[in-house]
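Structural overview for review
Here is how the chains run, residue by residue.
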Amino acid sequence: MIRRFTSERAEPAARGAEFGETWREEVAGTVAGYEDLFANHAGAAVDLAPWGERARTAIRDWAPAIAAEIEGIAAGADLPVASVYAINARTEILAGLQVVTRGECSTVVGLGAGVAPVSVQTWDWYAHLAESWLLWRIELADGRRVETVTEFGIVGKIAVNDAGFGVHFNLLRHRSDGGLPGVPVHVVARRAIAEAGDLEEALRLVGSARVSASTALTFVASDGRDATAVSVELSPEGPRYVLPDEAGLLVRTNHFLDPLASAGDREPSLAGDSFFRLDLLRRRLGGRPPAAVADAVRALDSHLGGVGALCAHPPEGSDGEFEYATLATVSIDLASGCLDVIPDGPCTVAAADYHLNSKGVTSR
Ligand SMILES: [Zn+2]
């Protein structure tokens, strides 16, 4: 099921309060889901208060408007402010707890001459959080519009705006992760999409964020004539850039592609699936940019490698708890400034019927 929401309020604290009031149970569900996840990995309950306090300091410093929105969400949902800050820093908390999770997500961007970019990713995450996300439309005070697929209470993830650029999200792990309270990567993505006027400004903003957990933010931009894509590999050691190949294809999974950053990559010692997913995806695409969204979805429809597959499902016979699954498949449509999304993985939709947004949408 897809939940969809359009914020009516443009002022950050009011927008947050409206969101929190509307989705009170769901935001509380995200907090509870992460409390369960952290406890499962840490072997004991994890107090969110100190983590939330550290995130609050970092977010207030780097993105005060987003801090106001988060505090609004907490007030609207009647939850402790630290809990909502903490879920916005869930990637940083997992890194700080030294939790060994599998990587998440596979992304395909195709830039062809004279055609709109094809920009698709799977979102793989824990199956017990499968109902914890929505498609959220935000109208900003300056009249601009943002759409994001994100978890209830987290300010952004995969996103697009009506200024001609969007961002994909892929978790990375680096030996420098943890440590200082950095700006949460979900906050970095949201601010870049909502505040930057163009790709150059977005990259400058992203480069200014000191992070304490690694993630690849893959930006795609088009002005209707030219298109470009830049995958920014963020780690506490600083941003590195990865570009499409000469054919215009950019494929990324969950290991660092930049040679310098890959020297500190923890992925080879944690899980190898990111590497074979990348290779498989490239070959299923024939090494060429996909001509249409359906071609990218078809390429992502593979179950080779079990829970590490491009289209991931919990192992047969398991109850799915704390197991990985592909929770959503998301396409960025730069021309309309909208996201197209289906719940679940690429295998659940026949490519010929790939009309995203048409399945099970409920609005509030
Ligand atoms: Zn599948």
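Residues numbered from 1 in each chain as written. Predicted model: local features only at pLDDT ≥ 70, side-chain atom pairs only at ≥ 80, totals over all residues.

**Observations concerning the overall build of the protein chain**
The number of helices and strands found in the protein chain is twelve helices and 14 strands. For 364 residues, the compact-globule estimate of 2.2 N^0.38 gives 21 Å, and the C-alpha radius of gyration of the protein chain, at 19 Å, lies within 12% of that figure. By its C-alpha atoms, the protein chain is 50 × 45 × 40 Å across when sized along the principal axes. (Helix = DSSP H or I, 4+ residues; strand = E, 2+ residues; numbered from the N terminus. Rg over C-alpha atoms; globule rule 2.2 N^0.38 Å.)

**Some points on the confidence of the model for the protein chain**
In low-pLDDT regions, the fine details of the predicted coordinates are not to be read closely. Confidence along the protein chain averages 92 in pLDDT terms, with 95% of residues attaining 70 or more. Throughout residues 356–361 the model reports pLDDT below 50, and contacts reaching past four residues in sequence, or to other chains, amount to 14 contacts. (pLDDT = per-residue confidence, 0-100. Contact = placed C-beta atoms within 7 Å.)

**Details of the packing of helix H3 (residues 48–62) against helix H5 (residues 81–88)**
At their nearest, the axes of H3 and H5 sit 7 Å apart, and the two run at 70° to each other. As far as their axial angle goes, H5 and H3 are roughly perpendicular. On H5, the residues that touch Leu48, Ala49, Trp51, Gly52, Glu53, Ala55, Arg56 and Ile59 of H3 are Val81, Ala82, Ser83, Tyr85, Ala86 and Asn88. (Axes fitted to C-alpha atoms, helices over the stretch in contact; angles between N-to-C directions. Parallel < 35°, antiparallel > 145°, perpendicular 65-115°, else oblique.)

**Digging into the sheet that holds strand E11 (residues 249–252)**
Ordered in space as E11-E2-E3-E12-E13, the five strands form an open sheet in which the pairing is antiparallel. On the outer flanks of this sheet lie E11 and strand E13 (338–343), each paired with one strand and no other. For this sheet the average axis-to-axis angle between neighbouring strands, irrespective of direction, equals 15°. In terms of strand pairing, strand E12 (residues 324–333) meets E13 through six bridges, oriented antiparallel. By the bridge assignment, Thr329 is partnered in E13 with Ile342. Its contacts with the sheet put helix H12 (residues 293–300) on strand E2 (107–110), strand E3 (118–126) and E12, and the angle it makes with E3 is roughly 35°. (Pairing = 2+ DSSP bridges.)

**Notes on the pairing of strand E5 (residues 145–151)**
E5 sits mainly inside the fold: six of its seven residues count as buried. Examined bridge by bridge, strand E4 (residues 133–139) and E5 share seven bridges and lie antiparallel to one another. Counted as the bridge partner of Trp136 is Thr148 from E5. Hairpin connection between E4 and E5: a loop of five residues separates the two successive antiparallel strands, and Gly143 in this loop has a positive phi of roughly 95°. (Buried ≥ 20, exposed ≤ 12 C-beta atoms within 10 Å, placed from the backbone.)

**A few points about the nonpolar core**
If you look at the biggest cluster of nonpolar residues, it comprises 113 residues, and the most contacted ones within it are Ile59, Val188, Leu217 and Phe219. Element by element, the count of residues in this core is highest for helix H7 (residues 185–195), at seven residues. Taken domain by domain, the makeup of this core includes at least three residues from each of domain 1 (2–96) and domain 2 (107–363). In this structure Ile59 touches Ile66, Ala67, Ile70, Tyr85, Val183, Pro184 and Val187, once residues within four positions along its chain are discounted. (Core = buried A, V, L, I, M, F, W, Y, C linked by C-beta atoms within 7 Å. Domains from an automatic or database assignment.)

**Focus on H3**
Its 15 residues give H3 an end-to-end C-alpha distance of 21 Å, which sits within 8% of 21 Å, the value for a rise of 1.5 Å per residue. Turning to H3, the residues buried within the fold contact helix H2 (24–42), helix H4 (64–77), H5, helix H6 (90–96) and H7. (Expected span 1.5 Å × (residues − 1).)

**Considerations on the domain arrangement of the protein chain**
You can read the domains of the protein chain as domain 1 (2–96) and domain 2 (107–363). Spacing between the C-alpha centres of domain 1 and domain 2 amounts to 21 Å. Counting from both sides, the interface comprises 36 residues of domain 1 and, opposite them, 41 residues of domain 2. Taken together, the elements giving at least two residues each to the side of domain 1 that touches domain 2 come down to strand E1 (2–6), H2, H3, H4, H5 and H6.

**Some remarks on the pairing of E4**
Of all seven residues in E4, five are buried; the element is thus mostly enclosed. Bridge count for E1 against E4 is three bridges, and the pairing is parallel. Directly across from Phe5, in E4, lies its bridge partner Trp136.

**Some points on the environment of Glu151**
Its location among the elements puts Glu151 in strand E5. For the pair Glu151 and Glu71, spaced 80 residues apart in sequence, the C-alpha to C-alpha distance is 16 Å. Not counting residues up to four positions away in its chain, the partners in contact with Glu151 are Thr30, Leu129, Ser132 and Trp133.

**Section: the packing of H2 against H5**
Where H2 contacts H5, the two axes come as close as 10 Å, and the packing angle between them is 70°. Taken together, the axis directions place H2 and H5 in an arrangement best described as roughly perpendicular. The hand of the H2/H5 crossing is left-handed. Of the residues in H5, those touching H2 at Val27, Thr30, Val31 and Tyr34 are Ser83, Val84 and Ile87. Counted by class, the contact of H2 with H5 contains five nonpolar, two polar and no charged residues. (Left-handed = near helix turned anticlockwise from the far one by under 90°. Nonpolar A, V, L, I, M, F, W, Y, C, P; charged D, E, K, R; others polar.)

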